[in-house]
Structure formats: structure tokens, C-alpha cells
Amino acid sequence: MSPAEKPKLAVWKFASCDGCQLSLLDCEDELLQLAGEIEIAYFLEASSALIEGPYDLSLVEGSITTGEDAERIQRVRRLSRRVVTIGACATAGGIQALRNFADVDDFVGAVYASPEYISTLATSTAISQHVHVDYELHGCPVDKLQLLEVISAFVNERKPAIASHSVCVECKRAGNVCVMVAHGTPCLGPVTHAGCGALCPSYNRGCYGCFGPMETPNMPALTNQLSELGMSEKAVDRVFRTFNVRPFEEARTR
Ligand code: SF4
Ligand code: SF4
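Note that this is a predicted model, so its numbers are computed, not measured. (Residues numbered from 1 in each chain as written. Chains lettered and ligands numbered in written order. Predicted model: local features only at pLDDT ≥ 70, side-chain atom pairs only at ≥ 80, totals over all residues. Heavy atoms only, no water.)

### Considerations on the side chain of S166
Filter applied, for reference: Each helix is a run of H or I in the DSSP string that is no shorter than four residues. Each strand is a run of E no shorter than two, and both are numbered from the N terminus. A contact between two residues is defined here by any heavy atoms of the two lying within 4.5 Å.
Here S166 is to be found in the loop between α6 (144–155) and α7 (167–173). Each residue touching S166, except ones within four places of it in the same chain, is listed here: G189, P190, T192, A194 and M214.

Encoded structure:
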């Protein structure tokens, strides 16, 4: 197949740490095979060689935090047949969405020596709050095998085969002893979307919820459990207010 016939892939960055793009670069061997099947047309983290759109598939990392971002994502949407958002920043607003619970001017004044040069929105929002998104892949960062599956699915016009169960299922499959039951360690695994392979519980730590809430999380049950482990109401609030603050807050108030 000639390069001209291959589907064109673009990778875009908004407010983010680049970790999810690195998950794609981390594919290494698979990336070579991927490059044989698709044309990597726009991926600044990998190459300065750019090919003009439109693009068949755009992967979008990062959240919308500036007026310029809010305009640019509209252009990305217009240029892209399919848009897939990757990671907690793009799907939920990311850790930077903690600003949504405070006055952003207070942060700007505290962090920057010359706050008058900073132009920012009051909130950090998910890409889907601005444009239509065809698929959201969760994680902080996303899992590289899940990312390859999503790219393969969209290139082949099929639904991605991404499991919707919780981290607890992955944890049991890994044969781990439950840190919450055995050691009383707070763990968000029962309400968190699978994808990391239960990485933290495999090292005797509680899950931090990097992949955001699963489809049908039982938030009251886990909140009660965390309280029984001795966590104050404030501590329980804080444990959910990290990378996926918006979807966890929504799940808690459902
Ligand atoms: S989701 Fe996490 S790893 Fe990905 S860009 Fe945002 S902060 Fe970085
Ligand atoms: S350690 Fe956490 S993820 Fe593993 S089974 Fe227990 S609650 Fe679930």
C-alpha cells in the first residue's frame, strides 16, 4: 500500500505533561508496525516533519485552559474525521482542574512573579466539553496496549475492545492480596476503571484512581469503607480530588 493510501494520524497536545504522548512513543517495536499501516502525519513530539490535514484520526492529549486552546480545538475537530481523547487531562480536565474549585487569580498571583503576563481561563476542562469526541481513553498516563488497541480499532472501523470493569478485577487476576482488606490501606480500586493492571496494589499500595471512575461505580459503598478505615470526610474528599476530579465528583453526586 502506498503512503498516500494509508490513514493519516495526527497527535495534538493541549495543557498536559506529555506523558500520554510518551505512552505512544514507548510502543517502540509496535510503533514500527503501526507506521507501516498508518501515516503518522502530525506528531510534534516525534517529528518536525508535518503533513497537512485533513486527518483520519486525531489523538488529543491535554485539557483546555486558555482562550487560544478553546479556539484551536475547534480547528482540530474540523480537520479530523475521528477524534479520540487520551488521558485524564483530555478526558477529565486533569490535575489542573483542581483550579475549578478555587479562584485561579489566587494561584496565578502565588505562582508567577509577573502575573500580568499570564492569560488563562478560570477553569481546566475536558475536550468533550468543547467539541464532539468519538472515543475517550482513560488513564494518567494511558496504557500503551490500550492505546494501540484504540488506534487499531479506529483505523479498521470497529469498536475498541476496552474492558469496562474495575481495577479490583485486574487485581484479583494478578493474584494480589487485597491491601484494603488485609492491611486497612485506602484503595480506590473498587470504583476505578481498569487499564493499569492493578499496578499500585501489586506493590502493596492503594489505587489512586488514575483511570477515573468505571462505568457503574458504587461510590457510597467505597466512601463508607474509607470512613470505616478512619479517614475524615475531608480526607475522603481529597482522595478523589486528583487527576480525575471532575468525573469522580460527578459520580459521587449521582
Ligand atoms: S493524563 Fe497524566 S500522563 Fe497524560 S498528559 Fe495528563 S498528566 Fe500527563
Ligand atoms: S487492593 Fe484495591 S484494587 Fe485490589 S482488590 Fe483490594 S480494593 Fe480492589
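Let's pick the thread back up.
### Description of the state of the cysteines
The condition that has to hold: Disulfide assignment relies on a single distance test, namely cysteine sulfur atoms paired within 2.5 Å.
Considering all chains together, one arrives at zero disulfides under this definition. With no disulfide of its own, C210 has C140 as its nearest cysteine by sulfur position, at a separation of 5.8 Å.

### Remarks on the environment of V76
Heads up, the condition is: Here's how the labels work: a residue is buried when its accessible area is under 20% of the maximum for its type, exposed when over 50%, partly exposed in between, all with a 1.4 Å probe on protein chains only.
Relative to the helices and strands, V76 resides in helix α3 (residues 67–79). The exposure class assigned to V76 is buried, which follows from its relative accessible area of 1%. Along the sequence, V76 and Y112 sit 36 residues apart, while their C-alpha atoms lie 30 Å from each other. Once you skip the residues sitting within four places of it in the chain, V76 turns out to touch W12, F14, S58 and V60.

### Notes on the site of ligand 1
Counted only if it meets this: Summary of the distance rule: residues count as near a molecule or strand when at least one heavy atom falls within 4 Å of that molecule or strand. We call Asp, Glu, Lys and Arg charged. Ala, Val, Leu, Ile, Met, Phe, Trp, Tyr, Cys and Pro are nonpolar, and the rest, Gly among them, are polar.
Around ligand 1, the neighbouring residues are S16, C17, D18, G19, C20, E61, G87, A88, C89, G139, C140 and P141. Those elements that provide at least two residues to the shell around ligand 1 are α1 (19–25) and α4 (88–92). Considering only residue class, the shell around ligand 1 consists of six nonpolar, four polar and two charged.

### What to know about the nonpolar core
Selection rule: Here, the term nonpolar core denotes a set of buried Ala, Val, Leu, Ile, Met, Phe, Trp, Tyr and Cys residues that are joined through side-chain atoms within 4.5 Å.
Ranked by size, the top nonpolar core spans 21 residues in total, and within it L24, L59, I86, L147 and I151 carry the most contacts. Contributions of two or more residues to this core are made by β1 (8–13), α1, α2 (29–37), β3 (55–61), β4 (80–86) and α6. Among the elements that make up this core, the one with the highest residue count is α6 (five residues). Within the second largest apolar cluster, 17 residues are counted, among which are C187, V191, M231 and F240.

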